Amino acid sequence: MNDWNIQGRASACQSCGQRFVDGQPYHSLLWQGDRGYRRLDVCGACWERQYRQEARIRREVVSYWRGVYESPPPPVEPIRRDAAESLLRRLCELADPRYRPVGYILAVMLERKRLLKVKEQFWRGGQRVFVYEDTRSGDVFTVPDPALRLSELEEVQRTVARLLEEGLPAGAESGPVVEPAAGPAAGAGEGRAELRLEAGASGV
């Protein structure tokens, strides 16, 4: 017999089938069988009608207890992929040098999700710049590598998570979208939008 197992609480009485509601008392019995333990959750009516007596006299019942049903919380919607892309686009429009490391991390996240792919990379002013293409729309992003130190990475990741959860601070002013890139990215596709996160020396 396997002594190690986990059995979740039922969402309905396992005797009459009536669904539990939030705050409703219920009773649980733990039965011992040839293949291990079996949990049984029943409503108060079924407990009084049948299981109260069985819990006391049946040797197979090794334990029983009373609980209060708590409705499971609504599922938390995971961060949508387009939320990261929307934030990256917004940061490109703002052109705020404080958010360059955040923009870089967002681009890496989207690349791992295969929503962006690196088309080109080049050096400008001693800084590497990645040219990312949106795999769905064909839009091109130029994102400088901020050369983050390992000691800085955790803080930037926390900032990314906060911005994805809460959005940009109120009052952030939008800057103009930078003109189309010259050089390697110029041939990325006629009529496709290009957004830039301009290179610079500032960090988060």
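Quantities reported herein were computed from a predicted structural model and do not represent experimental measurements. (Residues numbered from 1 in each chain as written. Predicted model: local features only at pLDDT ≥ 70, side-chain atom pairs only at ≥ 80, totals over all residues. Heavy atoms only, no water.)

Visitor: Hey, could you go over the layout of surface pockets for me, with residue numbers and the actual values?
Guide: In this structure, the second largest pocket encloses a volume near 150 Å³. Lining the second largest pocket are Ile105, Val108, Met109, Arg112, Leu153, Gln157, Val160 and Ala161. Only α3 (100–112) and α4 (150–166) provide two or more residues apiece to the lining of the second largest pocket. Considering only residue class, the lining of the second largest pocket consists of six nonpolar, one polar and one charged. (1 Å grid on protein atoms, 1.4 Å probe; cavity = no way out; pocket = protein on both sides within 12 Å on 5 of 7 lines; lining within 4 Å. Points joined across faces, edges and corners; volume = space filled by probe spheres on them. Helix = DSSP H or I, 4+ residues; strand = E, 2+ residues; numbered from the N terminus. Nonpolar A, V, L, I, M, F, W, Y, C, P; charged D, E, K, R; others polar.)

Visitor: So what about the packing of α3 against α4? Which residues, and what values?
Guide: The N-to-C vectors of α3 and α4 enclose an angle of 80°; their axes lie 9 Å apart at closest approach. Compared by their axis directions, α3 and α4 come out roughly perpendicular. Taken together, the residues of α4 that come into contact with α3 (itself represented by Pro101, Val102, Ile105, Leu106 and Met109) are Leu153, Val156, Thr159, Val160, Leu163 and Leu164. (Axes fitted to C-alpha atoms, helices over the stretch in contact; angles between N-to-C directions. Parallel < 35°, antiparallel > 145°, perpendicular 65-115°, else oblique. Contact = heavy atoms within 4.5 Å.)

Visitor: Break down the confidence of the model for the chain for me, with residues and values.
Guide: It should be kept in mind that the predicted coordinates are not to be read in detail where pLDDT is low. When pLDDT is averaged along the chain, the result is 77, and 75% of the positions lie at 70 or above. When pLDDT is averaged over each helix and strand of the chain, the minimum, 46, is found for strand β7 (residues 194–196) and the maximum, 93, for helix α1 (residues 44–57). Under a pLDDT of 50 for its full length, residues 173–204 has, in the predicted model, 70 contacts with residues more than four places off or in other chains. (pLDDT = per-residue confidence, 0-100.)

Visitor: How would you summarise the pattern of salt bridges if you had to cite specific residues and measurements?
Guide: Here the structure, examined in full by the defined rule, presents 14 salt bridges. Glutamate 60 is paired through a salt bridge with arginine 58; the nearest N and O atoms lie 3.2 Å apart. Note on glutamate 60: relative accessible area 32%, which makes it partly exposed. Salt-bridge contacts for arginine 89 lead to aspartate 139; the nearest nitrogen and oxygen are separated by 2.7 Å. (Salt bridge = Lys/Arg side-chain N within 4 Å of Asp/Glu carboxyl O. Buried < 20%, exposed > 50% of the residue type's maximum accessible area, 1.4 Å probe, protein only.)

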